[in-house]
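# Residue-level structure breakdown
Now for the letters of each chain:
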Number of protein chains: 2
Amino acid sequence: MFEKKENKPKGKSLNLTSLSELGEFGLIDRLTKTVNLYHPETRKGIGDDAAVIDAGGQMILLSTDLLIEGVHFDLTYTPLKHLGYKAAVVNISDIAAMNGIPKQITVSIGVSSRFSAQALDELYAGINLACKKYKVDLVGGDTSSSVKGLIISISIIGMGKQEEIIYRNGAKPGDLLCVTGDLGSAYMGLLILEGEKKVFQVNPDMQPELTGFDYQIGRQLKPEARTDIRNLLQGIGIKPTSMIDISDGLASEILHICKQSGVGCKLFEEKIPIEEQTRELAIEYKIIPSVTALSGGEDYELLFTIQQSDYEKIKDVEGITIIGHITQPSDGTFMITPDGKSVQITAQGWDGMKNKTETL
Amino acid sequence: MFEKKENKPKGKSLNLTSLSELGEFGLIDRLTKTVNLYHPETRKGIGDDAAVIDAGGQMILLSTDLLIEGVHFDLTYTPLKHLGYKAAVVNISDIAAMNGIPKQITVSIGVSSRFSAQALDELYAGINLACKKYKVDLVGGDTSSSVKGLIISISIIGMGKQEEIIYRNGAKPGDLLCVTGDLGSAYMGLLILEGEKKVFQVNPDMQPELTGFDYQIGRQLKPEARTDIRNLLQGIGIKPTSMIDISDGLASEILHICKQSGVGCKLFEEKIPIEEQTRELAIEYKIIPSVTALSGGEDYELLFTIQQSDYEKIKDVEGITIIGHITQPSDGTFMITPDGKSVQITAQGWDGMKNKTETL
């Protein structure tokens, strides 16, 4: 009865597969391949930014995120109020990525005894601030002690009309690939914070050098969700053919759209919108600037495809950039560098058992 | 910027409030007292088994649970398949407690590198088994590494017609207090498993003595949700005035109903349904049998109130026991012992930072 081998795997000796061998996407595929759906009102299950459920009148969107201290956030440089705000925003972003309206969230927390009630007040102040800004109702959750550190699990419900919902799988060859805002700054903000943490660890009397990097640090610690894009696109008469939010990095999200739509793509490196200081900082850090956008993640901008015939409507819209186009699946998924070279787009999700921020 | 005091509380010296001072319910009250609701379709927020959202046609029920290894479960005696099944069932039970129909779940997991893919296969086999039995669709989730141990966060959506939903706050003086099934066996199962674990830790060559306790161990490791009660009550023409599921123990759940309904109650100790072997085991363990029901929890039976005029309809229904009645709020919340003494009903939720199973 006790010490069953499935509970305490010993690794290779029992022919067991380690999670790092599979990687995040391999693990998800493995765990979900036997999933059955029993309800016709479940219009979309696993595989998009949110599940889609037909509730009769409205379509209900459901998404969830799990954030673990030491994996997804570092409290040495993340104020708890910012963390609460960001935890809510990343969920709200998932609803924006479906072109829905965020409505309700539940917040569950697991906390160790090192946290005071005042610390959790700060966390909830951030959550409530995001709820106020995005008009989202905090409707439930679960509180528990944890063995170690802080754990936050947020689930969100959004709504939208059936014809409004935008999935990842609707991109067609010839469609234009568009992105909102600029990319890579959240990642540069993370590098700055991690760098100053190392300086602090070596010499705790040193004051961190964070001034002048407000934009990058703000993008990392207090991102916003692009709930405004729904109205903007509706206003100019465009309905994207596919959409996803950029949480893991542009490369990863493009591949999601291409895989699920069964298409290829051509991305132009020089078109990727990167803020000027972020570009300079990347070079200073000896990183190719486009890599901050392609692999950095956490910008929470939206990536979407539109029909080519919508080009005139979108070409002069401020804050939206056309970065490439969709191709036949046989053309593959490539980025074209400024000197005309084709580079295969690759992406890693969460890499097995390593710290998420270490694998970027 | 670094080492902010709200992130690393030092305890009393900064006048901070420890979580153990507040307790679970105090913490929930504190964190949720400033919550605003922005959407009229949010019919019920925090404070019931599930939130209730008006989706136009149907009412959407939303609930969530966070389960942490070392706090909520012990893998030395919990097979992962059972754990997956139970994790789904406790959420399904929340929907049953609202008189709704469970429909969709999301499952997020955080796993440390000690788990193999095969171990997670077992966990998901249990989840899928519960989904099949209760006709629930697994529609999404999140996978992540964890710093330590296994973390499972499940959210569930249920549906029901507006007039079908049953809240905690509808009990009226004179109503009868009813419970499904029997109580306390899940707690006795836990004590047996914990006892055998201690024996094993002292002498790993000892075989655990679990035979003969199938009912108690089954109630602890593989509980079921009472989704059948909805149809049973509908069939005899009864709509409860309030309802809750018994996850924390009968005492705690009775107090939830009384507090939210603004009423008192009289519970008769001798009426509490306790399975015969569980009663004998409790005495053997030097525990008053009713305490296994009052404080044990995890039976996932339903506690509900009905109008007195429904007495004739319910009195002979097998598997439902009338255990008391609702009184005026000024009468307080009391249990009457077989020798006629009145004992104030008290309950603790999760007790600050201690292990949940230790505080029972």
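This is a predicted model, so every value here is computed, not measured. (Residues numbered from 1 in each chain as written. Chains lettered and ligands numbered in written order. Predicted model: local features only at pLDDT ≥ 70, side-chain atom pairs only at ≥ 80, totals over all residues.)

This paragraph deals with the overall build of chain A. Along the backbone of chain A there are 10 helices and 13 strands. Scaling as 2.2 N^0.38, a compact globule of 360 residues should have a C-alpha radius of gyration of about 21 Å, and chain A matches this with 21 Å. Seen through its principal axes, chain A has C-alpha atoms that stretch 60 × 55 × 50 Å. Across the 360 residues that make up chain A, the buried fraction comes to 52%. Within chain A, counting contacts between residues at least 6 apart in sequence, those at least 24 apart form 83% of the total. (Helix = DSSP H or I, 4+ residues; strand = E, 2+ residues; numbered from the N terminus. Rg over C-alpha atoms; globule rule 2.2 N^0.38 Å. Buried ≥ 20, exposed ≤ 12 C-beta atoms within 10 Å, placed from the backbone. Contact = placed C-beta atoms within 7 Å.)

Attention now moves to helix α7 (residues 250-261) of chain A. All names here are of chain A. Helix length check: α7 (12 residues) gives 16 Å between terminal C-alpha atoms against 16 Å at 1.5 Å per residue, within 8%. Among the 12 residues in α7, 9 count as buried, and that is most of the element. Leu-250, Ala-251, Ser-252, Glu-253, Ile-254, His-256, Ile-257, Cys-258 and Ser-261 are the residues of α7 that are buried. In this structure, the buried side of α7 is in contact with β8 (242-245), β9 (264-268), α9 (289-295), β10 (302-306) and β12 (333-336). Gly-262 occupies a position one or two residues after α7 and carries a positive phi of about 65°. (Expected span 1.5 Å × (residues − 1).)

Attention now moves to the packing of helix α4 (residues 185-202) of chain B against helix α5 (residues 214-221) of chain B. Residues and elements named next belong to chain B. Relative to each other, α4 and α5 sit at 100°, their axes nearing to 7 Å. Comparing the axis directions of α4 and α5 gives the class roughly perpendicular. Residue-level inspection shows Ser-185, Ala-186, Met-188, Gly-189, Leu-190, Ile-192 and Leu-193 of α4 in contact with α5, the latter providing Tyr-215, Gln-216, Ile-217, Arg-219, Gln-220 and Leu-221. (Axes fitted to C-alpha atoms, helices over the stretch in contact; angles between N-to-C directions. Parallel < 35°, antiparallel > 145°, perpendicular 65-115°, else oblique.)

Time to look at the environment of Asp-299 of chain B. Tracing the backbone shows Asp-299 of chain B in the loop between α9 (289-295) and β10 (302-306). Leave out the neighbours within four places in its chain, and Asp-299 of chain B touches Leu-183, Ser-185, Ala-186, Arg-219 and Ile-246 of chain B.

Turning our attention to the environment of Leu-177 of chain B. All names here are of chain B. If you trace the backbone, Leu-177 turns up in strand β7 (residues 176-180). A sequence separation of 130 residues divides Leu-177 from Gln-307, and the C-alpha atoms of the two residues are 9.2 Å apart. If we ignore the near neighbours within four places in the chain, the residues touching Leu-177 are Cys-265, Leu-267, Thr-305, Ile-322, Ile-323, Gly-324, His-325 and Ile-326.

All names here are of chain A. On the basis of which strands lie adjacent, the open sheet formed by 6 strands has the order β1-β2-β3-β6-β4-β5 and mixed pairing. With partners counted over all chains shown, the strands left at the sheet margins are β1 (42-44) and β5 (137-145), one partner each. Averaged over all pairs of adjacent strands, the angle between their axes in this sheet comes to 20°, without regard to strand direction. Relative to strand β2 (residues 51-54), β1 runs antiparallel, the two being bridged by 2 bridges. Counted as the bridge partner of Thr-42 is Ile-53 from β2. The sheet strands contacting helix α2 (residues 80-96) are β3 (59-68), β4 (101-111) and β6 (151-160), and the helix crosses β6 at an angle near 30°. (Pairing = 2+ DSSP bridges.)

This brings us to the relation of the copies chain A and chain B. Each copy superposes on the other: chain A lies on chain B with an RMSD of 0.0 Å after a rotation of 180° and an axial shift of 0.0 Å. The superposition of one copy onto the other is thereby described by a two-fold rotation axis. Of every C-alpha in chain A, the one belonging to Gly-57 of chain A sits nearest the axis of rotation, 2.8 Å from it. Interface overlap between copies is the fraction of interface residues in one copy that are interface residues in the other; for chain A against chain B it reaches 100%, indicating a shared surface. (Least-squares fit on C-alpha atoms with pLDDT ≥ 70 in both.)

Before going further, it helps to spend a moment on the domain arrangement of chain A. All names here are of chain A. For chain A, the assigned domains are domain 1 (36-160) and domain 2 (176-358). Relative to domain 2, the C-alpha centre of domain 1 lies at a distance of 22 Å. On the side of domain 2, 20 residues touch domain 1, which itself brings 20 residues to the contact. Sort the elements by how many residues they give to the side of domain 1 that touches domain 2 and α2 lands first, with 9 residues. (Domains from an automatic or database assignment.)

Looking now at the pairing of β12 of chain A. Residues and elements named next belong to chain A. Here β12 shows one buried face, formed by Thr-333 and Met-335, and one open face, formed by Phe-334 and Ile-336. Pairing between β9 and β12: 4 bridges, direction parallel. Each bridged residue has a counterpart across the sheet, and for Phe-268 the counterpart in β12 is Ile-336. Pairing analysis gives 3 bridges linking β12 to strand β13 (residues 342-344), with the strands arranged antiparallel. The residue bridging Met-335 from the neighbouring strand is Val-343, located in β13. What sits between the antiparallel neighbours β12 and β13 is a turn of 5 residues, in which Gly-340 has the positive phi angle 90°.

Residues and elements named next belong to chain B. Of all 10 residues in strand β3 (residues 59-68), 10 are buried; the element is thus mostly enclosed. Residues of β3 alternate between two faces, with Met-59, Leu-61, Ser-63, Asp-65 and Leu-67 on one and Ile-60, Leu-62, Thr-64, Leu-66 and Ile-68 on the opposite face, all of them buried. Relative to β3, strand β2 (residues 51-54) is paired through 4 bridges, and the arrangement is antiparallel. Directly across from Asp-54, in β3, lies its bridge partner Met-59. Counted along the chain from β2 to the antiparallel partner β3, the turn is 4 residues long, and its residue Gly-56 has a positive phi close to 100°. Taken together, the 10 bridges between β3 and strand β6 (residues 151-160) define a ladder with antiparallel strand orientation. Paired with Ile-60 across the bridge in β6 is Met-159.

This part covers the interface of chain A and chain B. Where the parts come together, the accessible area they lose is often given as the size of the interface. Listed by partner, the interface residues are 86 residues for chain A and 86 residues for chain B. The set of elements that each furnish at least two residues to the side of chain A that touches chain B consists of α1 (19-32), β2, β3, β4, α3 (117-134), β5 and β6 of chain A. Counting residues per element, the side of chain A that touches chain B draws most heavily on β5 of chain A, at 9 residues. Across the side of chain A that touches chain B, the residue classes tally to 41 nonpolar, 32 polar and 13 charged. (Nonpolar A, V, L, I, M, F, W, Y, C, P; charged D, E, K, R; others polar.)

With that out of the way, let us pick up the sheet that holds strand β11 (residues 320-327) of chain A. All names here are of chain A. Taken in spatial order, the 7 strands make up an open sheet running β8-β10-β7-β11-β9-β12-β13, and their pairing is mixed. In the strand order of this sheet, the two ends are held by β8 and β13, each with one partner. The average angle at which neighbouring strand axes cross in this sheet is 25°, direction not considered.

Attention now goes to unusual backbone geometry. One non-glycine residue, Asn-99 of chain A, adopts positive backbone phi at about 65°. A residue is classified by how many C-beta atoms lie within 10 Å of it, and Asn-99 of chain A, with 24 of them, is buried. Its identity is not glycine, yet Tyr-300 of chain B carries a phi of approximately 55°, on the positive side. Along the polypeptide, Tyr-300 of chain B turns up in the loop between α9 and β10.

Time to look at the confidence of the model for chain A. Residues and elements named next belong to chain A. Averaged over all residues, the pLDDT of chain A is 91; the fraction at 70 or higher stands at 92%. Considering only residues more than four positions removed or in separate chains, one finds that residues 1-12, a stretch of pLDDT under 50, has 26 contacts. Below pLDDT 50 for its whole length, residues 349-360 participates in 28 contacts with residues either more than four positions away or in separate chains. (pLDDT = per-residue confidence, 0-100.)

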